Structures are given as structure tokens and as C-alpha cells.
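Working through the structure, step by step
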Amino acid sequence: MDYQILKNIVEAEIQRFENISEEEWSHKISPEKWSKKEILGHLCDSALSNIRRFIITQYKENENIVYDQNFWVRAQNYQNIPTQDTINLWKFLNFQIVNTVENIPDGALQRTCDMTKNELQIFTLEFIINDYIGHLQHHLKAI
């Protein structure tokens with residue numbers, strides 16, 4: 001699998017982020033909706049959770065690794081920290097994901113992780129890695 005695509009996405013987005021004003025980063029269309037800054041924070045939280053999945057699944061199958069995304073965004077208070085700090089965190093977390101997944105032995109990609117919140121959701125590590133990239137691209141469109 002070629003995970004260089006993730007590194008390329010991050011590098012391109014970092015350049016694009018430079019054209020977004022602080023006002024645009026912080027704007028919320030309603031109190032219930034995330035700002036662009038909070039969306040990026042959510043992507044940091046997703047990276048943190050997925051790094052854990054990518055590592056633990058290699059030595060312990062079917063570990064239940066889930067998170068409450070709304071709670072995490074509120075708890076980390078992304079709306080009120082410097083945008084550049086969140087951008088840097090997002091960048092470095094994703095570069096670490098590239099490093100991590102490039103070092104996963106091919107034989108481990110079929111190991112499984114339990115992502116069950118309410119209904120049974122068990123996926124292979126290979127699926128979770130690819131799904132992570134798709135999830136990232138989906139949310140980047142909103143920024």
C-alpha cells in the first residue's frame with residue numbers, strides 16, 4: 001500500500017490553509033455546528049484515535065477503540081486555541097500516521113479492530129487505514 005498519498009494531501013492542505021483568514025477559521029454558522037477550526041480539531045482527534053488503532057491492532061485483535069467526537073472537540077477547546085497550533089498538531093499527527101502505517105507488516109493488515117459504539121463493527125486494519133484517508137478527505141472539503 002502506498003501511504004505517500006496521505007503525506008501529499010497534508011502538504012497540499014497546509015498550503016491551502018494559509019489562504020484562510022482567522023475569521024473564517026473561527027466562524028460558526030450556529031452554536032451546534034463546528035467551525036473550520038473545530039473541524040480541523042476533530043481531524044486531530046481522529047488521527048489520535050486511529051494511531052492507537054493502527055498500533056494496538058498489530059498485537060491485540062478486536063480491541064474496542066472508539067471515541068465520542070463531539071465530547072473530544074469540546075474537551076480540547078479547539079475553538080479557543082491558536083489556529084496555527086491546531087494546524088501544526090494536525091500536520092505532525094498525520095506525518096506520524098504515514099510513518100506508522102508504512103511500518104505495519106503486510107501480514108498484520110488483516111488483523112481486526114472493534115470500532116463498536118452501538119452495533120458490532122469489526123474491521124481489518126487495512127480497511128481502517130483506507131477509511132481514515134477517506135474520512136480525512138471528506139472533512140477537508142468542509143474547510
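Please refer to the structure placed before this passage.
Described in the following lines is the structure provided in the data block. Numbering of residues starts from 1 in every chain and runs along the sequence as written. The model is predicted, so local features are restricted to residues of pLDDT at least 70 and side-chain atom pairs to those at 80 or more, both for listing and for counting; the totals for chains, interfaces and linings are taken over all residues. Calculation of side-chain values draws on the structure's entire complement of heavy atoms; hydrogens and water are dropped beforehand.

Focus: helix α5 (residues 83-102)
Taking 1.5 Å per residue, 20 residues should reach 28 Å; α5 reaches 29 Å between its end C-alpha atoms and fits that length. The cut-offs for exposure are 20% and 50% of the maximum accessible area for each residue type, with area from a 1.4 Å probe on protein chains only; residues under the lower value are buried, those over the upper are exposed, and the others partly exposed. Secondary structure follows DSSP: runs of H or I at least 4 residues long count as helices, runs of E at least 2 residues long count as strands, and numbering of each begins at the N terminus. Considered for burial, the residues of α5 that qualify are T83, T86, I87, W90, L93, N94, I97, V98, T100 and V101. For α5, the angular spread of the buried residues around the axis is 165°, confining them to a single face. Multiply 1.5 Å by the residue count of a helix minus one, and that product is the helix's expected span. Arc definition: it is the arc formed by the directions from the helix axis to the C-beta atoms.

Structural notes on the nonpolar core
Within soluble globular proteins, side chains that are nonpolar generally end up buried alongside one another. Within the largest apolar cluster, 38 residues are counted, with the highest numbers of intra-cluster contacts made by F17, F54 and W90. Where this core is concerned, the elements lending two or more residues are α1 (4-17), α3 (36-59), α5 and α6 (125-140). Of all the elements, α3 adds the most residues to this core, at 8 residues. Filtering out sequence-adjacent residues up to four positions away, F17 remains in contact with W25, L40, I87, W90, L140 and I143. Working definition of a nonpolar core: buried Ala, Val, Leu, Ile, Met, Phe, Trp, Tyr and Cys residues. They are joined through side-chain atoms within 4.5 Å. The contact criterion used throughout is that any non-hydrogen atoms of two residues lie within 4.5 Å.

Concerning the pattern of salt bridges
Salt bridge, as used here: a side-chain nitrogen of Lys or Arg that lies within 4 Å of a carboxyl oxygen of Asp or Glu. Tallying each qualifying case throughout the model produces 4 salt bridges. Note that E13 is salt-bridged to R16, the shortest N-O span being 2.6 Å. Of the two residues, E13 and R16 are both situated in helix α1; the distance of 3 residues between them amounts to about one turn of the helix. Here E13 falls in the buried class, since its relative accessible area comes to 15%. One salt bridge connects E22 with K37, and the closest N-O pair in it is separated by 3.2 Å.

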